[in-house]
Amino acid sequence: MPDASSATDYLQVSVKTVQEHFSGELLYNLPWFQRSYAWQEENAARLLHDIVEASSAARGRYFLGHVMLALPEGTTNAAIIDGQQRMLTLTILFALLRDRAPSEKDAQVLDCLISLEGSTTYRVTPQPAYAKTFATYVQEPQGTSQELQDDVLEYLECERNFLNNRDQLKLALDELVADSDAWFRLKDFLTERCTLVIETVTDEDEAWEMLSIEETTGLGFHSSERSKIAIVSAMPREEHEKAGENWDIWQARLGAEGMSKLLGHVRLLRHGKRSSKPVEQGLIELYKLNKNGLSFVDSVLIPQSERYYSLCIEPMDTAQSKLSTAITEPLQYLRWLEREPWVPPALNWLQHRGNSGPETEFFFRQLDGLAWIMRIATRDPIEQERRFLRIANAISSDKSIQEIDELRIDGKILKAASDNLLSKTFFDKSCSRLVLRRLSDMLGRDPGPINGDGATVEHVLPRRPAKGTGWFNDFKNKSVIDDHVHRLGNLAVLSFTSNQKAGSLSFEDKQPVLAESGLSLAEQIAAINSWQPQTIIQRSVALASELLAQWDVELVQN
């Protein structure tokens, strides 16, 4: 009979603190064929927010997730099979804390989590294509303070991802660790109380096979099918058939992703706060589905599905729509946003105030303005979620719209949005394409999603104008070009074909292409006599002001 332990020798599972995982003799590398760094600002902000929240709640420990490694016997070089997004983001966080440490000795504590003590051998090495950039702008001492040496578009998308995350986390830490006591609290909790589950496999091929099987045969954590199985199964047996039928009808209308989002909104509204529990578990407990299964389906799931369909999915021009035409415009713009923190208050408004009451149009216009300005300001997604939940709760409590202070656009958010709109790196902000699409629609017609296929972003002043061309008459050198080329005022929307045609032509040669585009931002530029630095600055201010004016707020300029 074989040794019972031999069947599990190839897999070792351990729980380690962040300090333990990022110290010792192991080095972690990403195989060249591994997926690139893809976390966006929202993912990085959520990780930091959850760590800070757990720290503030005086949690004894906080679980950060799983990491799978392939570590051949007798080596210290481990391949990261799964968990690279989290490991790279944690490294960014270590570097930011290190570079603002109260003393050199304190900085060294964090630096030991980034590189082997006394050496430039880094503990985490990304793929060769961007390892040097990650080292320069993150891992090297004071790397997080380094300004980009090249045009942002010269960098790979994965590089822009971690650079954006670095800068957004830096802004968050400016508020969170304003003094040394706050720095020590966050550093100690992160390194000593935050834990990871580490799965280590000796054979790399076997590790990839395990991950593939898990991804292709498992149900996602928030899969609507998993939720259906859990929720319907919790109900009395005699209710299963009818509940399942109703679920299938609305999932077919909303789609699997829409149903999953709706369940999250319903749980949030009922619970009144965020929860780390699986959504289905939360709904089962909150609504006592073992006793009230069909009641939940009839009085909650179906009515909220109808409202969610009207808000997020139903074509805007349908004659069957139950929504007032007065809210069509703000709702259209709300739908363009990738995130849905605005949906819970919108659901509550329709439930408690109806879709055509005297304040409905004003409410949706205020909701539109707040959601967009917070998106432009790239505020913490958890902060957004909580703010919109407070608005939803105020609606449930029958407060008048004038009494809902959270619905007002406050100065802090307006300042952050204004700074982003006027930033010299506006093009690289995650909100840039949304803003350009909305401005295009406001000034003429909607070009559709600006995704590089149907509609593209045109830099009027080219990013790399050829030496000796007329562009250098007004933009004297590379420094002047870099200071203006990515500003809002230098950008237009063109079709892919027109963009290719415009290329790096002189402004005079570009004007006919812009004029014939049929797109408002480009046509507006074509009517301008010359293109100079002050033209771009003035146009940036004008466009930003026009965008904000629709919400009755004014651009904040330094």
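Just so we're clear, the structure is a prediction, and the values are computed from it rather than from any experiment. (Residues numbered from 1 in each chain as written. Predicted model: local features only at pLDDT ≥ 70, side-chain atom pairs only at ≥ 80, totals over all residues. Heavy atoms only, no water.)

Draft legend 1. Molecular detail of the overall build of the protein chain. Secondary structure assignment for the protein chain yields 24 helices and eight strands. In terms of overall dimensions, the protein chain is globule-like: its C-alpha atoms have a radius of gyration of 26 Å, near the 24 Å expected for 558 residues. Across its three principal directions, the C-alpha atoms of the protein chain cover 85 × 65 × 45 Å. Burial analysis of the protein chain (558 residues in total) assigns 50% to the buried set. Within the protein chain, counting contacts between residues at least 6 apart in sequence, those at least 24 apart form 72% of the total. (Helix = DSSP H or I, 4+ residues; strand = E, 2+ residues; numbered from the N terminus. Rg over C-alpha atoms; globule rule 2.2 N^0.38 Å. Buried < 20%, exposed > 50% of the residue type's maximum accessible area, 1.4 Å probe, protein only. Contact = heavy atoms within 4.5 Å.)

Draft legend 2. Representation of the packing of helix H18 (residues 432-443) against helix H24 (residues 533-549) in the model. Running from N to C, H18 and H24 cross one another at 75°; their axes reach a closest spacing of 11 Å. In terms of axis orientation, H18 runs roughly perpendicular to H24. Of H24, the residues touching H18 (which contributes Val435, Arg438, Leu439, Met442 and Leu443) are Leu543, Glu546 and Leu547. Its residues assigned to classes, the contact of H18 with H24 comprises six nonpolar, no polar and two charged. (Axes fitted to C-alpha atoms, helices over the stretch in contact; angles between N-to-C directions. Parallel < 35°, antiparallel > 145°, perpendicular 65-115°, else oblique. Nonpolar A, V, L, I, M, F, W, Y, C, P; charged D, E, K, R; others polar.)

Draft legend 3. Highlighting the packing of helix H3 (residues 84-98) against helix H7 (residues 180-193). Running from N to C, H3 and H7 cross one another at 150°; their axes reach a closest spacing of 11 Å. Here H3 lies roughly antiparallel to H7, going by the angle between them. As H3 runs across H7, the sense of the crossing is left-handed. Contact with H3, carried on its side by Leu90, Leu93, Phe94 and Leu97, involves Trp183, Leu186 and Leu190 of H7 and no other residues of that element. (Left-handed = near helix turned anticlockwise from the far one by under 90°.)

Draft legend 4. Inspection of the nonpolar core at higher detail. Ranked by internal contacts, the top residues of the largest apolar core, which has 104 residues, are Phe296, Trp342, Phe363, Phe364, Leu367, Val435 and Trp531. Not counting residues up to four positions away in its chain, the partners in contact with leucine 367 are Leu334, Trp342, Pro345, Ala346, Phe388 and Leu407. (Core = buried A, V, L, I, M, F, W, Y, C linked by side-chain atoms within 4.5 Å.)

Draft legend 5. Spotlight on the side chain of threonine 133. Here threonine 133 shows up in helix H5 (residues 128-139). Judged by its relative accessible area of 13%, threonine 133 is buried. Apart from the residues within four sequence positions on either side, threonine 133 is in contact with Tyr155, Glu159 and Phe162.

Draft legend 6. Main features of the side chain of threonine 91. Topologically, threonine 91 is positioned in helix H3. Each residue touching threonine 91, except ones within four places of it in the same chain, is listed here: Phe22, Ile114, Val124, Phe134, Val138 and Gln139.

Draft legend 7. Seen up close, the packing of aromatic side chains. Using the criterion set out here, one finds 13 aromatic pairs in the structure. Aromatic pair phenylalanine 22 and tyrosine 28: ring centres 6.4 Å apart, planes at 70°, arrangement edge-to-face. Ring centres of tyrosine 137 and tyrosine 155 lie 6.3 Å apart, and the angle between their planes is 80°; on these two criteria the pair is classed as edge-to-face. Taken together, the positions of tyrosine 137 in helix H5 and tyrosine 155 in the loop between H5 and helix H6 (157-176) put the pair 18 residues apart, joining distant regions of the chain. Like tyrosine 137, the residue tyrosine 155 is buried in the burial classification. Joined through ring pairs, the aromatic side chains of Tyr37, Tyr130, Phe134 and Phe162 make up one cluster. The ring of tyrosine 309 has arginine 253 sitting right over it, with the charged end atom 4.1 Å from the ring centre. A cation sits over an aromatic face here: arginine 438 above tyrosine 333, 3.6 Å from the ring centre. (Phe/Tyr/Trp six-rings, centres within 6.5 Å; stacked < 30°, edge-to-face > 60°. Lys NZ or Arg CZ within 6 Å of the ring centre and 35° of its normal.)

Draft legend 8. Structural detail: the confidence of the model for the protein chain. On average, residues of the protein chain carry a pLDDT of 88, and 94% of them reach 70 or more. Mean pLDDT across the secondary structure elements of the protein chain bottoms out at helix H8 (residues 204-217), with 68, and peaks at H24, with 97. Low pLDDT, under 50, characterises residues 1-7; the stretch is placed with zero contacts to residues that sit more than four places away or in other chains. (pLDDT = per-residue confidence, 0-100.)

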